[in-house]
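Each chain, letter by letter, is given below.
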Amino acid sequence: MTTTETEPDQEEAQEERPIGFGRLLRKEDPRLIRGMGQFVDDISLPGMLHMAILRSPVAHARIVSIDKSAAEAHPNVVAVITGEDLAAQGLAWMPTLSNDVQAVLATDKVRFQHQEVAFVVATDRYSARDALELIEVDYDWLEPLVDVRAALDEDAPIIRDDLDNKADNHIFDWETGDEAATNEVFERADVVVSEEIVYPRVHPAPMETCGCVADVERVSGQVTLWCTTQAPHAHRTVYALVAGLPEHKIRVIAPDIGGGFGNKVPIYPGYVCAIVASLVIGKPVKWMEDRTENLLSTGFARDYVMKADIAATKEGQILAIRTNVLADHGAFNGVAAPVKYPAGFFGVFTGSYDLEAAHAKMTAVYTNKAPGGVAYACSFRITEAVYLVERIVDCLAYELDMDPAELRLKNFIKPEQFPYETKTGWVYDSGNYEPAMRKAMDMAGYAELRREQAERRARGELMGIGVAFFTEAVGAGPRKDMDILGLGMADGCELRIHPTGKAVVRLSVKTQGQGHETTFAQIVAEEIGIPPEDIEVVHGDTDNTPFGLGTYGSRSTPVSGAAAAMVTRKVRDKAQIIASGMLEVSVADLEWNKGSFSVKGDPSKSVTIQEIAMRAHGAGDLPDGIEGGLEAQICYNPENLTYPFGAYICVVDVDPGTAVVKVRRFIAVDDCGTQINPMIIEGQVHGGLADGVGMAMMEIIAFDEDGNCMSSSLMDYLIPTALETPDWETGHTVTPSPHHPIGAKGIGESATVGSPPAIVNAIVDALKPYGIRHADMPLTPSRVWEAMQGNHTPPI
Amino acid sequence: MQVPAPIEYERATSVEHAVALRSELGDEARFIAGGHSLLPMMKLRLANPTHLIDINDLKELFYIREADSEVRIGAMARHRDLLDSELLARHFPIFRDAERVIADPTVRNRGTLGGSLCQADPSEDLSAVCTALDASCVITSSDGQRVVPMHAFHVGPYETAVANNEMLTEIRIPLRPGGGSAYQKVERRAGDWAVVSAGAAVWMDAGTIVDGRVGLAAVGPDTTSIQPVAEALAGAAPTEDLYQRVGEIAASNCSPETDGRGTAAYKTHLVAELTRRALRTAVARAQRQEV
Ligand SMILES: Cc1cc2nc3c(=O)[nH]c(=O)nc-3n(C[C@H](O)[C@H](O)[C@H](O)COP(=O)(O)OP(=O)(O)OC[C@H]3O[C@@H](n4cnc5c(N)ncnc54)[C@H](O)[C@@H]3O)c2cc1C
């Protein structure tokens, strides 16, 4: 395995307009920065109507009656639709991405606060909203189930009485690893440390909320849906299955998307309602949810209560980890994970360490809270897994009184062990952990920081240094193992080179801000030597792109990026044959020099890719058996996941009087394999780190005992600002993926996965003088202070 | 997008016009100043006024000036003006301390002193500032003006002494020798409302505190000014013991509630801690040891 380290100053020297990989300004930015992007809410069609949704004010109640007559009498209202109306069409329920069903509009009872109950369509957005207040709903209040720990109690209220014979709130049990072997290791271990670690419910809170414009043409039956979706093709197929329409009658268009983070993977009732409304009324219908609707009803993330045990020798050799997880899935199981993975990729909770045994058990339950669990970074539960292992390893360091960085270094999987199969069956494709860790420690000045900390502690000051090392499993996934609702997780790609040598590449994935229009042009450029500015990236429109499962779980580069490289190679192979005809030599005698083929040993005899493109479309002869044109299409089925990793170090200062935490420094060394655009990678890392500050220190979707959501606006659901975040210090190592055509791994979620444990570890480390070994997120000043008083309580 | 309920809009051209409109349009009409409290409530439909009377054209209410041993501030002075004012920074540094941590620049560019006081949100910062400084409020109607001290201005949470035919037009702060003031706030995140804030102002003579006041925010309905604090400070020598004691008095005179911003115990602790810190700085400033 080769790992290279690049120093930042070397990169600065790189050319500014690389033909291929390198720092290239984002092609999408001129339009986005100038406000010329086109988001769903910018779409306006002739005759378009507006929809607003009436939502439940309570978490659990039977619907006794709904009176919509006053709303219907509103002069600007065109239609008012309830669950009963939908039920008459067989549309009151829809499938979720986890083979559960979810109410489109509630018919029998409401199961979480802000659940969809009815909708109004009016000639303008204001009237639609006004008319909601004219709908009278009579609710019969039911006891809500809010506390996840009580979900399986005998006397717990049953939430899903819509399901046949459902007499409890149990969704599934899941386990991985070898329980007996793990218990055996625990029995003989010198040291066992146990902790309950909670990853509270958080929300992706993208800047753009969810919404759509639905346009159903009544004569042809053609459905066009402009929608905030991260997965246009997957959505289209689900609509096709539900409506019994052929896919070609449905066109899903994801225009510019203002952030997704997994929030825009599911199909929300609002989309279905808008389609129904357009079908019934025969006019285009727009629905854009407001901020409160987004926070209260759309896909949340996390909500795992994890009991963890770690076993080790007294010298600090980690032997085994086991965990028992209680997962809160809300009122409907809407998790988007490959079918065989109900707990996502939580199995990577063994982290970056070479263990003797590991075992995890999980129970997932319903509660009277919004459904989801799909989001975000990383939807497939890697965030929870990494947090668990990185927190429990720190608890072990605390008990052993060992430096947490040393403890990690001692237990890393060694470079020669890759590909490494974990005790839960995941095959890590490549990794070289120690150089990344050492680099982070060097950048931080780790030893010096520890000295400073000792001095400060002696003066009564609270300084903390947190270390986290993560390994992610991204790029879902090999179709033999992974599908969502039966759809394999492979991705198509098409490349067409025009006669003038300009190109169009069509992707199945969809950017929500990650910069696909730039990086995918660079991947093609790297392979075929056409400048990225001459390569147009087309995505987000099912009529114009090949099938694939979309962008989430950091899968775009590992899957679609591979597809883009492979399709370009296919085109290049054809170009080489055409070049051999043009240069009158055999194919084997040609040499590729990124942009042109030349005759081996005679560089003066060469043809550029642009010349080849013209020839491919021209009037001249082509080699025998070669058709005109220069284009190709493939579908890439990944052989394995890719396993990015990174070493993060966080330094915090805590004011002993107010318990206010200041993140002083954050050092992030990431390894995502081959780097396509280091600038975009840094951007992804910066965003993820800021996200981590939010989750570690302020974000939580909280509920009161009645199931009212306490986080209904951005005044209550806090997102960090530039003032809470330090200047990020980023670095990287490069350990290419051996099975990916360009060696790239994903980077979209690394920092979100890796930063919360680094920050929490730092804060807990600062509180060491108080004898604190663990404290749960979000570590707000109040929660830190309570911990200092010995009153730490879990947030849920 | 959150949208308010239907509404009528009027634009006042003078104070007389504004109060006339207010009397005429009935109980459900509201003035709109910066709009940064009112508009969010309207979008959430927590406030549903029938009419908005826009007072942003009342240029006569935008001043900050010194007159008759007072600093006088027009009700429409914006957070941004209070932050930038050298006059205030010189006499009452508590304003700059507070304005640095109120909301964010976007809100500060619009939000006003008058709107802040009239909103009478128990978490709002400028009431604590004005209380600490012993300010009074000029309330105007078509019948003339009346002057109300801060403690009588706030009638309860979200309720003030301003009647339906009146408007707040000016805030007056007495200028007295030997003054020093400071503000302390703990927030969960920049731009967030206070978990707890404490403002302190002292007036000193020959090393002794002649008069002193503490104003608190976000710890209950009636804590903008605490009488026992003023009593403890009057005539006292500025020592750490005193700050400790006054912090405790403040803590035992507030009634915070546990919520998303923190537990009642934490907030009570903060009252003591921030009161001490604010007093320490206020005294140092009064003694010109620190600017
Ligand atoms: C994101 C955000 C964060 C904030 N953070 C803080 C914070 O940390 N600390 C803080 O103190 N404040 C904070 N605020 C509130 C902000 O300071 C408001 O601007 C201020 O409280 C109200 O001032 P305004 O001019 O915007 O009033 P408006 O919203 O225009 O009016 C508020 C109320 O006062 C009435 N009113 C206004 N002027 C007069 C007048 N002259 N006479 C009679 N009635 C009048 C209005 O009718 C209305 O009822 C925040 C606001 C936002 C949006």
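Keep in mind the model is a prediction, meaning the values are calculated, not measured.

What follows is about the pattern of salt bridges. Evaluated as defined, the whole model comprises 79 salt bridges over all chains. A:Asp765 is the salt-bridge partner of A:Arg450, the closest N and O atoms lying 3.1 Å from each other. Within this pair, whereas A:Arg450 is found in helix α13 (residues 446-458), its partner A:Asp765 is found in helix α18 (residues 750-766), the two being separated by 315 residues in sequence. We classify A:Arg450 as buried; its relative accessible area is 18%. Classification of A:Asp765 by relative accessible area gives buried; the value is 12%. Among the salt bridges present, the one from B:Asp211 reaches B:Arg176, with a minimum N-O distance of 2.9 Å. With B:Asp211 in strand β13 (residues 208-217) and B:Arg176 in the loop between β10 (167-174) and β11 (179-187), the pair connects residues that are 35 residues apart, well separated along the chain. One network of salt bridges, in which partners are shared, links A:Arg62, A:Asp100, A:Asp108, A:Lys109, A:Arg111, A:Arg160, A:Asp161 and A:Asp162.

Backbone hydrogen bonds hold the strands of a sheet together, and the pairing may be parallel or antiparallel. All names here are of chain B. Ordered in space as β1-β3-β2, the three strands form an open sheet in which the pairing is parallel. Looking along the sheet, the strands with just one partner apiece sit at the ends: β1 (8-11) and β2 (29-32). On average, each strand axis in the sheet is inclined to that of its neighbour by 25 degrees, with strand direction left out of account. Two elements, β2 and strand β3 (residues 51-54), share four bridges in a ladder whose sense is parallel.

Below, the discussion takes up unusual backbone geometry. Cis geometry marks the peptide bond from A:Phe418 to A:Pro419; its omega dihedral reads -5 degrees. Among the structural elements, A:Pro419 can be located in the loop between α11 (404-411) and β19 (420-421). A cis amide bond links A:Met777 to the next residue, A:Pro778, at an omega of -10 degrees. By secondary structure assignment, the location of A:Pro778 is in the loop between α18 and α19 (781-788). At B:Asp68, a position not held by glycine, the phi torsion is positive, near 50 degrees. As for its position among the elements, B:Asp68 is in the loop between β4 (64-67) and β5 (70-74). Residue B:Asp68 is classed as exposed on the basis of its relative accessible area, which comes to 63%. Non-glycine residue B:Tyr158 carries a positive phi angle of around 60 degrees. Within the secondary structure, B:Tyr158 sits in the loop between β8 (154-156) and β9 (159-160). On the accessibility criterion, B:Tyr158 (49% relative accessible area) is partly exposed.

On to the sheet that holds strand β7 (residues 144-149) of chain B. Residues and elements named next belong to chain B. With antiparallel pairing, five strands are arranged side by side in an open sheet as β4-β5-β10-β6-β7. Edge positions in the sheet fall to β4 and β7, since each of these pairs with one other strand and no more. Strand-to-strand twist of the sheet, defined as the mean angle between neighbouring strand axes without regard to direction, takes the value 25 degrees. Of the strand pairs in this sheet, β4 and β5 are connected by four bridges, and their pairing is antiparallel.

Moving on, we come to the site of the ligand. All names here are of chain B. Neighbouring the ligand are 30 residues, the closest being Phe31, Gly35, His79, Thr112 and Asp125. At a separation of 3.3 Å, an oxygen atom of the ligand approaches a polar backbone atom of Ala103. Lys185 places a side-chain nitrogen or oxygen 2.8 Å from an oxygen atom of the ligand. Look at the ligand: alone it shows 970 Å² of surface, and the protein chains cover 93% of it. Of all the elements in the fold, those that place two or more residues in the shell around the ligand are β2, α7 (113-119) and β10. Ranked by residue count, the leading element in the shell around the ligand is α7, at five residues. Along the lines of polarity and charge, the residues of the shell around the ligand split into 13 nonpolar, twelve polar and five charged.

This part covers the side chain of A:Lys574. Residues and elements named next belong to chain A. Summarising the element assignment, Lys574 is placed in helix α15 (residues 556-583). One buried charged residue, Lys574, forms no salt bridge at all, with the nearest opposite charge on Glu627 at 5.4 Å. In this structure the side chain of Lys574 is engaged in a polar contact, spanning 3.0 Å, whose partner is the backbone oxygen of Glu627. Beyond its immediate sequence surroundings of up to four residues, Lys574 is in contact with Ile626, Glu627, Gly628, Gly629 and Leu630.

What counts, and where the lines are drawn
Residues numbered from 1 in each chain as written. Chains lettered and ligands numbered in written order. Predicted model: local features only at pLDDT ≥ 70, side-chain atom pairs only at ≥ 80, totals over all residues. Heavy atoms only, no water. Salt bridge = Lys/Arg side-chain N within 4 Å of Asp/Glu carboxyl O. Helix = DSSP H or I, 4+ residues; strand = E, 2+ residues; numbered from the N terminus. Buried < 20%, exposed > 50% of the residue type's maximum accessible area, 1.4 Å probe, protein only. Pairing = 2+ DSSP bridges. Axes fitted to C-alpha atoms, helices over the stretch in contact; angles between N-to-C directions. Near = heavy atom within 4 Å. Polar contact = N/O pair within 3.5 Å; in protein donor to acceptor, adjacent residues only side chain to side chain. Areas by Shrake-Rupley, 256 points an atom, 1.4 Å probe, with all protein chains shown as cover. Nonpolar A, V, L, I, M, F, W, Y, C, P; charged D, E, K, R; others polar. Lys, Arg positive; Asp, Glu negative; His and termini not counted. Contact = heavy atoms within 4.5 Å.

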